[in-house]
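# Fold and geometry: a report
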Amino acid sequence: MYPQATRARAFYRTLSQAAISAVTPIAAVLVALAFGAVLLWLNGFNGTDVVTVMVFGSFQDIRSVAEILLKATPLILIGAGLCVAFRCNIWNIGAEGQLYVGAIAATFVGTSIDGLSVWVHAPLVMLAGALAGGAWAGIAGYLKVRFQASEIVTTIMLNYIAIILTSYLVTGPMKDASAAYPQSARLVREAWTPRIVSDLRLHIGILVAVVLAVALYIFLQRSSRGFALRVVGLNPHAARYAGMDVRRNIMLAICISGALAGLAGAFEVAGVTHRLYQNISPGYGFEGIAVALLANNNPLAAILSGGLFATLRSGSEVLQITSQVPQVLVLVIQGVVILSVVAFAKFRSILRILR
């Protein structure tokens, strides 16, 4: 009877963990939407628009769904990459800057090379973006392992450098001479990311994002290197005592997260805008942090949390247009969603400790 009782307790423990993992994100979003409804009502707007317009209004037709998936692509990539860094206890706050650097590298490859087929040029653009993002994150990683510099501080500072560098390039060396606004030349057609449906903006980046998120989950849970990353995140001293190279694993974790952020920047340039702008990202790098936290640092769950935040982002645009809600209120509602997600994630970790 004892083995049966042990199996029963293990089953109920797994069931309770799954229930908490499923309920807490839903509760976080519901609390945030309820607060948003009250906020709209206090400012003279219809509070029910938070649900009817901001949520359900985002799924009006196939084009609306395609736009959600388009916005979900960088969020899934960045969120899944940050899951790897966070599991290694590396707080990479520089995904925004890594996205910008990836976009710069993708633009350079997409505008300076000509004569290649789309099957060569498009992957080359993606590779350039990923390598640039990984290298940019590697700067903070090197400062961490060599001088014990806080990766939080260094990645934040690298964000500013990357954004300012982008502004300099699109107003100087990479500026399109025929354009009145700060922007680069258009990428050659062969460098564009192929679209899934010709008359929609959705490109194959969403498929790449999902595949990479699944691959990272398998890497973390089923590979020896992924196990080493998780051990280093839990206890670097025990990992070092067990013969694991802590510095190498830290560098690997932060470079993986940077590479996926850089790939997200490459997809934005090659799949959406087809040229580099000063503000190529609406904040995907920072929003990806919330995506990873909502996913509880699980790359597989980042697919769903990235889709959720993309829905909220699209719904915010619909709410601003159809209900004439000021952008400031929309940004406040988005901020409340992120704060609610972080708070519930902390609550979930406390429950796990108490059990």
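Every value quoted in this text rests on a predicted model; they were computed, and no experiment measured them. (Residues numbered from 1 in each chain as written. Predicted model: local features only at pLDDT ≥ 70, side-chain atom pairs only at ≥ 80, totals over all residues. Heavy atoms only, no water.)

This structure, assessed with the given rule, holds zero disulfides. In this structure cysteine 88 is not part of a disulfide, and its nearest cysteine sulfur, from cysteine 255, lies 11 Å away. The class of cysteine 255 is partly exposed, set by a relative accessible area of 24%. (Disulfide = S-S within 2.5 Å. Buried < 20%, exposed > 50% of the residue type's maximum accessible area, 1.4 Å probe, protein only.)

A word on a nonpolar patch on the surface. There is a patch of nonpolar side chains on the surface, built from Trp91, Ile152, Val153, Ile156, Met157, Tyr160 and Ile164 and spanning about 670 Å² of accessible area. If you trace the backbone, tryptophan 91 turns up in the loop between α3 (62-87) and α4 (95-112). (Patch = residues over 30% accessible without salt bridge, like charges linked within 9 Å, V, L, I, M, F, W, Y side chains within 5 Å. Areas by Shrake-Rupley, 256 points an atom, 1.4 Å probe, with all protein chains shown as cover. Salt bridge = Lys/Arg side-chain N within 4 Å of Asp/Glu carboxyl O. Helix = DSSP H or I, 4+ residues; strand = E, 2+ residues; numbered from the N terminus.)

Turning our eyes to something else, we now look at the packing of α3 against helix α12 (residues 299-322). With their axes 7 Å apart at the nearest point, α3 and α12 run at an angle of 140° to one another. In terms of orientation, α3 and α12 fall into the oblique class. For α3 against α12, the interelement crossing comes out right-handed. Between α3 and α12, the residues in contact are Glu67, Ile68, Lys71, Ala72, Leu75, Ile76, Gly79, Ala80 and Cys83 and Pro299, Ala302, Ile303, Gly306, Gly307, Phe309, Ala310, Thr311, Arg313, Ser314 and Glu317, respectively. (Axes fitted to C-alpha atoms, helices over the stretch in contact; angles between N-to-C directions. Parallel < 35°, antiparallel > 145°, perpendicular 65-115°, else oblique. Left-handed = near helix turned anticlockwise from the far one by under 90°. Contact = heavy atoms within 4.5 Å.)

At a minimum axis distance of 8 Å, the contact between α3 and helix α7 (residues 205-222) shows a crossing angle of 15°. With respect to their mutual orientation, α3 and α7 come out roughly parallel. The interaxial crossing formed by α3 with α7 has left-handed handedness. Here α3 contributes Leu69, Thr73, Ile76, Leu77, Ala80, Gly81, Val84 and Arg87 to the contact with α7, which in turn contributes Gly205, Ile206, Ala209, Leu212, Ala213, Leu216, Leu220 and Gln221.

This part takes up the nonpolar core. Of all hydrophobic cores here, the largest spans 105 residues; its most connected members are Ile78, Phe309 and Leu319. Element by element, the count of residues in this core is highest for helix α10 (residues 246-273), at 15 residues. Excluding residues that lie within four positions of it along the chain, phenylalanine 309 makes contacts with Leu75, Glu287, Ala290, Val291, Leu294, Val337, Ile338 and Val341. (Core = buried A, V, L, I, M, F, W, Y, C linked by side-chain atoms within 4.5 Å.)

Turning our attention to helix α6 (residues 151-171). Between the first and last C-alpha of α6 there are 30 Å, a value that for 21 residues agrees with the 30 Å anticipated at 1.5 Å per step. For α6, the full list of buried residues reads Glu151, Thr154, Thr155, Leu158, Asn159, Ala162, Thr166, Leu169 and Val170. Mapping the buried residues of α6 onto a view down its axis gives an arc of 150°, with all of them on the same face. Residues of α6 that are exposed and point over 90 degrees away from its buried face: Val153, Tyr160, Ile164 and Tyr168. Check the buried side of α6 and you find it contacts α4, α5 (118-147) and α11 (284-294). (Expected span 1.5 Å × (residues − 1). Arc of directions from axis to C-beta.)

Before going further, it helps to examine the packing of aromatic side chains. What the rule picks out here adds up to two aromatic pairs. On the basis of an interplanar angle of 85° and a centroid distance of 6.3 Å, the ring pair of tyrosine 142 and phenylalanine 147 is categorised as edge-to-face. (Phe/Tyr/Trp six-rings, centres within 6.5 Å; stacked < 30°, edge-to-face > 60°.)

Moving on, we get to the side chain of arginine 313. Residue position: arginine 313 is located in helix α12. Of note is the side chain of arginine 313, whose polar atom sits 2.4 Å from the side chain of glutamate 287. (Polar contact = N/O pair within 3.5 Å; in protein donor to acceptor, adjacent residues only side chain to side chain.)

None of the figures reported here should be taken as evidence of function without further support.
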